[in-house]
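# Structural overview for review
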Amino acid sequence: MYSEKVMDHFMHPRNVGEIENASGVGTVGNAKCGDIMKVYLQIEDGIIKDAKFKTFGCGAAVATSSMATELVIGKTIEEALKITNKSVAEALDGLPPVKMHCSLLAEESLHAALWDYAQKNNITIEGLKKPVEDVHDHDHDLEEDEEGIN
Ligand code: FES
């Protein structure tokens, strides 16, 4: 059911933890499944130097947050914004359709951390929308139906 990459990132997640005095921190949950993800970003001169995460959630949520932090390190803010839940899932060689919503937590918590960074620095990041606290309230283009959430 899960790709080898998903299993690898679930069993050996990269970048677990916190960043002290992070440039931006974002927390997003999914009220339906109860899972929560927190992302910390260290940003210097517009480049994401480091990323860490804590996920209280399912295996797919752990694997996607691990992959999302790997993808985002070394990127500019603009490049980071292009990381979507679909690109994270693709980097993991796919997720079962019923687990696509888990990857949304990674995308949204990343955006929430960037939003926090923008707020702290009084800047506007073009293309960044105000983050949601609960991805389930978010009208997102997911490749799944409602049944997949449970
Ligand atoms: Fe909740 Fe995966 S994030 S089931």
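Before going into details, it helps to say that this report is about the structure given with it. (Residues numbered from 1 in each chain as written. Predicted model: local features only at pLDDT ≥ 70, side-chain atom pairs only at ≥ 80, totals over all residues. Heavy atoms only, no water.)

### Considerations on the packing of helix H2 (residues 59–72) against helix H5 (residues 100–121)
It is at 8 Å that the axes of H2 and H5 come closest, and there the two elements cross at 40°. When the axis of H2 is compared with that of H5, the two are oblique. As H2 runs across H5, the sense of the crossing is right-handed. Contact with H2, carried on its side by Ala60, Ala61, Thr64, Ser65, Ala68 and Val72, involves Cys102, Ser103, Ala106 and Leu110 of H5 and no other residues of that element. (Axes fitted to C-alpha atoms, helices over the stretch in contact; angles between N-to-C directions. Helix = DSSP H or I, 4+ residues; strand = E, 2+ residues; numbered from the N terminus. Parallel < 35°, antiparallel > 145°, perpendicular 65-115°, else oblique. Left-handed = near helix turned anticlockwise from the far one by under 90°. Contact = heavy atoms within 4.5 Å.)

### A look at H5
Between its terminal C-alpha atoms H5 stretches 32 Å, which fits the 32 Å expected from 22 residues at 1.5 Å a residue. In terms of residue burial, H5 counts as a mostly covered element, since 18 of its 22 residues are buried. Looking at the residues trailing H5, positive phi occurs at Asn122, about 55°. (Expected span 1.5 Å × (residues − 1). Buried < 20%, exposed > 50% of the residue type's maximum accessible area, 1.4 Å probe, protein only.)

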